[in-house]
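Observations on the three-dimensional arrangement
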Amino acid sequence: MKVTAQHILVNHEYEVKDIQKKLAEGKSFEELARDYSTCPSGKDGGMLGEFGKGMMVPTFEKAAFALLPGEVSEPVRTQFGFHLIKRLK
């Protein structure tokens, strides 16, 4: 099984909470990824593409595979920082 996802990566929990508020206010995930993500994928709206099990760090992978298409995760902490993950398919 594989999923296609985008993410926004930031360094601090308060940043991810602020981004969640902006999403709730109607800002697009892609725009927020370009504006705030520290990951190079932010330039592409946070697009990670398609990946299977074992390709991402375990906590990230578990959260991504638990989402339904179109859903955005709660903040996920990894050794890289705090992520919001949006599953596309």
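Residues numbered from 1 in each chain as written. Predicted model: local features only at pLDDT ≥ 70, side-chain atom pairs only at ≥ 80, totals over all residues. Heavy atoms only, no water.

**Some words on the sheet that holds strand β1 (residues 2–10)**
Taking strand neighbours across the sheet as the criterion, the four strands line up as β2-β1-β4-β3 in an open arrangement whose pairing is antiparallel. The sheet is open, and its two borders are formed by β2 (47–52) and β3 (76–78), each paired with just one other strand. The sheet shows a mean angle of 45° between the axes of neighbouring strands, taken without regard to direction. Of the pairings in the sheet, the one linking β3 to strand β4 (residues 81–87) comprises three bridges and is antiparallel in character. Across the sheet, Thr78 pairs through a bridge with Gly81, a residue of β4. Packing of helix α1 (residues 13–24) onto the sheet brings it into contact with β1 and β4, and relative to β4 it is tilted by some 30°. Contacting β1 and β4, helix α2 (residues 29–36) crosses the sheet at an angle of about 45° to β1. (Pairing = 2+ DSSP bridges. Helix = DSSP H or I, 4+ residues; strand = E, 2+ residues; numbered from the N terminus. Axes fitted to C-alpha atoms, helices over the stretch in contact; angles between N-to-C directions. Contact = heavy atoms within 4.5 Å.)

**Some thoughts on α1**
If you check α1, its first and last C-alpha atoms are 17 Å apart, about what twelve residues at 1.5 Å a residue would give, namely 16 Å. In the core, the buried residues of α1 are packed alongside β1, α2 and β4. Trailing α1 by a residue or two, Gly26 shows a phi angle of about 105°, which is positive. (Expected span 1.5 Å × (residues − 1).)

**Side note on the nonpolar core**
It is characteristic of soluble globular proteins that their nonpolar side chains tend to be buried jointly. Listed in full, the ten residues of the largest apolar core are Val3, Ala5, Phe51, Phe60, Ala63, Ala64, Phe65, Leu67, Val76 and Ile85. If one sorts the elements of this core by residue count, helix α3 (residues 58–66) sits on top with four residues. Ranked by size, the runner-up nonpolar core spans nine residues in total, among them Val16, Phe29, Leu32 and Phe82. (Core = buried A, V, L, I, M, F, W, Y, C linked by side-chain atoms within 4.5 Å. Buried < 20%, exposed > 50% of the residue type's maximum accessible area, 1.4 Å probe, protein only.)

**Considerations on the environment of Lys86**
For Lys86, the location among the structural elements is in strand β4. On a C-alpha basis, the gap between Lys86 and Ser73 in space is 6.4 Å, while along the polypeptide they are 13 residues apart. Aside from chain neighbours lying at most four places away, what touches Lys86 is Thr4, Ala5, Gln6, Phe29, Glu30, Gly70, Glu71 and Val72.

**Looking at the pattern of salt bridges**
For the structure on display, the rule yields three salt bridges. In this structure, Asp18 and Lys22 form a salt bridge, with 3.8 Å as the shortest nitrogen-oxygen distance. Note that Asp18 and Lys22 are positioned in helix α1 at a spacing of four residues, about one turn of the helix. Its relative accessible area of 34% is what places Asp18 among the partly exposed residues. (Salt bridge = Lys/Arg side-chain N within 4 Å of Asp/Glu carboxyl O.)

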